[in-house]
Amino acid sequence: MKEKKMSYKFEVSTDKEGKFRFHLMAPNGKIMLQSQSYTEKHSALETIESIKEHASAAEIIDNS
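These remarks concern the structure in this document. Keep in mind that what you see is a predicted model, and the values were worked out from it rather than measured.

When its secondary structure is counted, the protein chain shows one helix and three strands. Helices and strands appear in the protein chain in the N-to-C order β-β-β-α. Computed over C-alpha atoms, the radius of gyration of the protein chain comes to 14 Å, more than 25% over the 11 Å expected from 2.2 N^0.38 for 64 residues, which places it beyond the range of a compact globule. Every one of the 64 residues in the protein chain was classed for burial, and the buried ones make up 17%. Taking all contacts inside the protein chain whose residues are at least 6 apart in sequence as the whole, residues at least 24 apart take part in 17%. With the model as given, the accessible surface of the protein chain reaches about 5,700 Å², and the carbon-plus-sulfur share is 51%.

See below:
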């Protein structure tokens, strides 16, 4: 039987206050990124799409 490859994924959920948040999950199930809260679900989804579109070109600034 072929083993299924795990992939990165965004998970959208609601917090205790009923606001929407998302996490970027690694293949091992660990949270890599946690969003701010959004009052509208579509805003969280639009941010996910923006990250998917622009993150690969983002500059890395090392302030250490």
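Another aspect to go through is the nonpolar core. Core analysis: the largest hydrophobic core is formed by five residues, namely F20, F22, Y38, A44 and I48. Those elements that provide at least two residues to this core are β2 (20–25) and α1 (41–54).

Sheet analysis places strand β1 (residues 9–14) next to β2, joined by six bridges and oriented antiparallel. Directly across from K9, in β2, lies its bridge partner M25. Taking the residues between adjacent antiparallel strands as the criterion, β1 and β2 are bridged by five residues, where G18 takes a positive phi near 80°.

Across the sheet, which stays open at both edges, the three strands sit in the order β1-β2-β3 with antiparallel pairing between neighbours. Looking along the sheet, the strands with just one partner apiece sit at the ends: β1 and β3 (31–34). Neighbour to neighbour, the strand axes of the sheet diverge by 30° on average, direction disregarded. The pairing of β2 with β3 spans three bridges and is antiparallel. Bridging across to β3, L24 finds its partner in L33.

Turning our attention to the pairing of β2. Of all six residues in β2, five are buried; the element is thus mostly enclosed. In textbook terms, the turn of a hairpin is the stretch between consecutive antiparallel strands, and for β2 and β3 this stretch comprises five residues, one of which, G29, has a positive phi near 90°.

Here is what the cut-offs are and how they apply
Residues numbered from 1 in each chain as written. Predicted model: local features only at pLDDT ≥ 70, side-chain atom pairs only at ≥ 80, totals over all residues. Heavy atoms only, no water. Helix = DSSP H or I, 4+ residues; strand = E, 2+ residues; numbered from the N terminus. Rg over C-alpha atoms; globule rule 2.2 N^0.38 Å. Buried < 20%, exposed > 50% of the residue type's maximum accessible area, 1.4 Å probe, protein only. Contact = heavy atoms within 4.5 Å. Areas by Shrake-Rupley, 256 points an atom, 1.4 Å probe, with all protein chains shown as cover. Core = buried A, V, L, I, M, F, W, Y, C linked by side-chain atoms within 4.5 Å. Pairing = 2+ DSSP bridges. Axes fitted to C-alpha atoms, helices over the stretch in contact; angles between N-to-C directions.

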